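Chains, contacts and geometry: an overview
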Amino acid sequence: MSTVINDRNDVTSHVPGHIDQLDGIDVLDALDHVDPDHEHHASDIASRVWRFLISMRTGLWIMLALGILTLFGTVLMQADSATRSDPQAYAQWLAQGAKPKYGGWTGVLDRIGFFHIFSTWYFLGLFALLSLSILACSINRAPRLWRIATRPRTSMSEVFFTHAPLRTTLTLPGDVTAATEKVRAQLRQARFRVLDGQSADGSDLYGDRFRWGPFGTVVAHLSFLVIMAGFAVSSMTGFKISSFYAPIGVPVAVGHGTGLTLRANSFQDTYYATGQPKDYVSDLTLLKDGKQVARHETRVNSPLRYNGVWFHQASFGIGADISATAGGTPIFSQNVPLQFSSTDGKQVIGQFTIPSQRLEVFAIEAASGQVLPELPAGSVQLEVHKNGAQTPVGVEVLTPGRPVTIAGVAFTYERNREYTLLSVSKDNGAWLVWLGSALLVLGSYLVFFLPHRRIWVRVRPAADGTSRVLLAAPLKRDPGMESKFAELVSAIQSSGK
């Protein structure tokens, strides 16, 4: 006769001895003597810091703070590293990009770093603190898991067998030795590792499966560290240029210490009969120290790659080659992308600044297929503003090769030229992110699919040459353990018939 009991809430705080709780994890950790930490005095600063780092509450608060900052970083405009490294470019970005959207809040958001949240000292500090907390938790947990896996407690008191979440009592024929061997055989058949306990009046057994499964939590913790290290390496040693303009035939320096120069040889776009884009192809040549190191026909899904730097096709368009001189000294020469459209769609507009003259200039042309008397074909209109003022200081229409002076600056429109728009990035930490992701999958698999299953057995002599067998097991985040325990009990009963 036997009864399998599943009692998750049968907990007592009045049991003699060192057992204070008997529902699953807490009691077994205590019974296994896996928490032999020394007592710490409140004045011990190192102890306080350690307890702070391994506290679950600490980790949750840090993740909440990082989550809120990440939300702000996602919702608010973020200036890229190239823009922030150039004070004039950043000032222009604030004036033309952020201020029209955020108005009077622009200065406040800039001062607290909300336009580059992911590189602020407080975000990086929280990031580092979370890494320390994860590492501390892993260090704190690993010795316990190792002790449970390699030196488990193999004998339990009578109290454990009367209060464990899964428990049963069997009567088997034969003496203690015979009954023990029957139980041992069934445990091994169920692929449990079996260890002998110590008992003066009978026999104790301990069986477990997947003893390395709990280390999945350590692996998962370490995976987060590896992933965060990957992001840190990427942010500190890599870069990303979201909008890299490469006018056809004009070499453009990539910068960021790469020593690379990119030249777009040609661009071709093809379309389906319906008018939908079919293919965008940029023929790119990459130079280093004046020598060609790579050439590639770059498409949306076929980037140019060289020494960890990736060139992705993003878009294309038409720009105007414009130069400017002040007092005979060249102060500007660039292809200005005509990337914006007027509200009526009749004009295409580009914008550039001349910081040395504190000028903001808009270049305007007739859109493709539009005939505008004020903008004849082959001409461009320049609208020049001083210090971002609403009223222009001069508006002139330029034809190719004929300079026009506005606000003391001689502007010359050379020609229109196609450009290809690329996204350029170098991500040195990508392999760490992939490695961390693989470790996260491995850790999750160990935790959820290989839970540590443990069973304790107590065999004692009974009347009439029979033996009394007690079996007990925890039910710890393992829904399959209940059925496995019942199957094992049934198999042991059957072996005694």
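Refer to the preceding data block for the structure.
Starting afresh in each chain, residues are numbered from 1 along the sequence in its written order. For a predicted model such as this one, the threshold for reporting local features is a pLDDT of at least 70, and the threshold for listing and counting side-chain atom pairs is 80 or more; totals across whole chains, interfaces and linings nevertheless cover every residue. Side-chain metrics in this entry use all non-hydrogen atoms of the structure; hydrogen atoms and water are not considered.

Considering the nonpolar core
Just so we agree on the cut-off: Throughout, nonpolar core names a set of buried Ala, Val, Leu, Ile, Met, Phe, Trp, Tyr and Cys residues whose side chains join them through atoms within 4.5 Å. For the exposure calls, accessible area comes from a 1.4 Å probe over protein chains only, and a residue counts as buried if that area is under 20% of its type's maximum, exposed if over 50%, partly exposed in between. Per the convention used, a helix needs a DSSP run of H or I reaching at least four residues, while a strand needs a run of E reaching at least two, with both numbered from the N terminus.
Core analysis: the largest hydrophobic core is formed by 23 residues, its most contacted members being Val-183, Leu-187, Ile-455, Val-457, Val-469 and Leu-471. Broken down by element, this core gets its largest block of residues, five residues, from helix α12 (residues 481–495). Ala-324, Leu-338, Val-348 and Phe-352 belong to the second-largest nonpolar core, a separate cluster that totals 22 residues.

Observations concerning empty space enclosed by the protein
The condition that has to hold: In this analysis the probe radius is 1.4 Å and the grid spacing 1 Å, with only protein atoms considered; a cavity is a set of points the probe fits into but cannot get out of, a pocket is an open set with protein on both sides within 12 Å along at least five of seven lines, and lining residues have an atom within 4 Å of a point. Grid points are joined across faces, edges and corners, and a volume is the space filled by probe spheres set on the points. Polar here means any residue other than Ala, Val, Leu, Ile, Met, Phe, Trp, Tyr, Cys and Pro, which are nonpolar, and Asp, Glu, Lys and Arg, which are charged; Gly is therefore polar.
Inspection of every chain in the model, using the stated rule, returns one cavity of 30 Å³ or more. Of the voids in this model, the largest cavity is the one considered here, and its volume is about 40 Å³. Around the largest cavity sit His-452, Arg-453, Arg-454, Pro-474, Leu-475, Lys-476, Asp-478 and Met-481, which together line it. Split by residue class, the lining of the largest cavity holds three nonpolar, one polar and four charged.

Details of the sheet that holds strand β13 (residues 340–341)
This is how it is decided: The pairing criterion is simple: DSSP has to find at least two bridges between the two strands.
Taken together, five strands build an open sheet; the order of strands is β13-β14-β15-β16-β17 and the sheet is antiparallel. In the strand order of this sheet, the two ends are held by β13 and β17 (394–398), each with one partner.

What about the packing of helix α9 (residues 176–189) against α12?
Stated precisely, the cut-off is as follows: Think of each axis as a best-fit line through the C-alpha atoms, taken over the contacting stretch in the case of a helix, with angles from 0 to 180 degrees between the N-to-C directions. Roughly parallel means an angle under 35 degrees; roughly antiparallel means over 145; roughly perpendicular covers 65 to 115; every other angle is labelled oblique. What makes a crossing left-handed is the near helix being turned counterclockwise from the far one by less than a right angle; a clockwise turn instead makes it right-handed. A contact between two residues is defined here by any heavy atoms of the two lying within 4.5 Å.
At their nearest, the axes of α9 and α12 sit 9 Å apart, and the two run at 135° to each other. Between α9 and α12, the angle falls in the class oblique. The interaxial crossing formed by α9 with α12 has right-handed handedness. Touching Lys-182, Val-183, Gln-186 and Leu-187 of α9 are Leu-488, Ala-491, Ile-492 and Ser-495, all from α12. For the contact of α9 with α12, a count of residues per class yields five nonpolar, two polar and one charged.

Remarks on the sheet that holds strand β7 (residues 260–271)
The four strands lie next to each other as β6-β7-β8-β9, forming an open sheet whose pairing is antiparallel. Single-partner strands in this sheet number two, and they are β6 (252–253) and β9 (291–298). Examined bridge by bridge, β7 and strand β8 (residues 277–288) share 11 bridges and lie antiparallel to one another. Bridge pairing links Asp-269 to Tyr-280 in β8.

Section: a nonpolar patch on the surface
Note the threshold: Candidates for patches are residues over 30% relative accessible area with no salt bridge; among them, like charges are joined within 9 Å and nonpolar side chains (Val, Leu, Ile, Met, Phe, Trp, Tyr) within 5 Å. Under the convention used here, a 1.4 Å probe and the Shrake-Rupley method define accessible areas, while residue burial counts only the protein chains that appear. A pairing counts as a salt bridge when a side-chain nitrogen of Lys or Arg comes within 4 Å of a carboxyl oxygen of Asp or Glu.
On the surface, a cluster of nonpolar side chains totalling about 320 Å² of accessible area is made up of Trp-50, Leu-135, Ile-139 and Leu-222. By secondary structure assignment, the location of Ile-139 is in helix α7 (residues 121–150).

Some points on the pattern of salt bridges
For the coordinates displayed, the defined rule picks out 13 salt bridges. Between Arg-458 and Glu-158 there is a salt bridge whose closest N-O contact spans 3.3 Å. Here the residue Arg-458 occupies a position in strand β20 (residues 453–461), and Glu-158 occupies one in helix α8 (residues 158–163), the gap between them amounting to 300 residues. Its relative accessible area of 13% is what places Arg-458 among the buried residues. The partly exposed category is assigned to Glu-158, whose relative accessible area is 32%. Through salt bridges with shared partners, one network takes in Glu-158, Arg-458 and Arg-468.

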